[in-house]
Amino acid sequence: MGITLVILILSVPGQYIAHTYIIPEFFPNSINYAIDNNLMTKVDAENYFNVTNYMKQSVLFSIITGILVGAVTSFLMRRK
């Protein structure tokens, strides 16, 4: 669970840095792609493809993945 906490803490700034400085065109490109291919309306695409939403998804994914990996690891490493 300690590793999960570290990953959780680092995932939010990682998302921010990645989408603000490394690939700032990611969200506009994703929004345009979704609109051009009739996958989403403009409002839905703008609500889905943004830094805040991706940070929330990153936190949730980190928690779920950490719990699952911890459970599987403890199951495999248990003593008989």
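Cut-off values and rules
Residue numbers restart at each chain and count upward from 1, following the sequence in its written direction. With the structure being a predicted model, the display of local features is reserved for residues of pLDDT at least 70 and the display and counting of side-chain atom pairs for 80 or more, all residues being used for whole-chain, interface and lining totals. Side-chain measures here rest on the full set of heavy atoms in the structure, leaving out hydrogens and waters. Buried Ala, Val, Leu, Ile, Met, Phe, Trp, Tyr and Cys residues that are joined via side-chain atoms within 4.5 Å together make up what is termed a nonpolar core. Per-residue accessibility, obtained with a 1.4 Å probe over protein chains only, is compared with the maximum for each type, and a residue is labelled buried under 20%, exposed over 50%, and partly exposed between these values. Secondary structure elements follow DSSP: runs of H or I no shorter than four residues count as helices, runs of E no shorter than two count as strands, and numbering proceeds from the N terminus. Here, residues are in contact when the closest pair of their heavy atoms is within 4.5 Å. Two distance rules govern patches: like charges are joined within 9 Å, and nonpolar side chains (Val, Leu, Ile, Met, Phe, Trp, Tyr) within 5 Å, applied only to residues with over 30% relative accessible area and no salt bridge. Each accessible area value is a Shrake-Rupley result obtained with a 1.4 Å probe; residue values ignore everything except the protein chains displayed when judging cover. A carboxyl oxygen of Asp or Glu within 4 Å of a side-chain nitrogen of Lys or Arg is what we treat as a salt bridge. Taken from the helix axis, the directions to the C-beta atoms give the arc we talk about. Stacked, tilted and edge-to-face pairs are distinguished by plane angle, under 30 degrees for stacked and over 60 for edge-to-face with tilted covering the rest, among Phe, Tyr and Trp rings (Trp via its six-membered ring) whose centres lie within 6.5 Å.

Caption draft 1: Here's a closer look at the nonpolar core. Within the largest apolar cluster, six residues are counted, these being Phe27, Ile31, Ala34, Ala45, Phe49 and Tyr54. Element by element, the count of residues in this core is highest for helix α2 (residues 26-36), at three residues. Apart from the residues within four sequence positions on either side, Ile31 is in contact with Ala45, Glu46 and Phe49.

Caption draft 2: Local environment of the environment of Thr52. With respect to the secondary-structure elements, Thr52 resides in helix α4 (residues 51-77). As a C-alpha pair, Thr52 and Tyr16 span 36 residues in sequence and 8.6 Å in three-dimensional space.

Caption draft 3: Structural detail: a nonpolar patch on the surface. A grouping of Tyr16, Ile17, Tyr21, Ile22 and Ile23 is seen on the molecular surface, where their side chains present a nonpolar patch of about 520 Å² in accessible area. Here Tyr21 lies in helix α1 (residues 2-22). For Tyr21, a relative accessible area of 58% gives the class exposed.

Caption draft 4: Up close: α2. For α2, the set of buried residues is Phe27, Ser30, Ile31 and Ala34. Take α2 and look down its axis: the buried residues cluster within an arc of 100°, on one side only. Set apart from the buried face of α2 by more than 90 degrees, the exposed residues are Tyr33 and Asp36. In this fold, the buried residues of α2 make contact with α1, α3 (42-48) and α4.

Caption draft 5: Summary view of unusual backbone geometry. Even without glycine at this site, Asn38 takes up a positive phi of about 55°. Since its relative accessible area comes to 70%, Asn38 is described here as exposed.

Caption draft 6: Local environment of the environment of Ile23. Structurally, Ile23 can be placed in the loop between α1 and α2. As for Ile23 and Leu68, which are separated by 45 residues in sequence, their C-alpha atoms are 30 Å apart.

Caption draft 7: Representation of the packing of aromatic side chains within the structure. Per the stated rule, a full pass over the model turns up six aromatic pairs. Between Tyr48 and Phe49, the ring centres sit 4.9 Å apart and the planes meet at 90°, which makes this aromatic pair edge-to-face. Here the aromatic residues Phe26, Phe27, Tyr48, Phe49 and Tyr54 are joined through ring pairs into a cluster of three or more.

Caption draft 8: Structural context of the side chain of Ser11. If you trace the backbone, Ser11 turns up in helix α1. When its relative accessible area of 11% is taken as the criterion, Ser11 is described as buried. Those residues within four positions of Ser11 in sequence are excluded, and the remaining contacts are Ser58, Val59 and Ser62.

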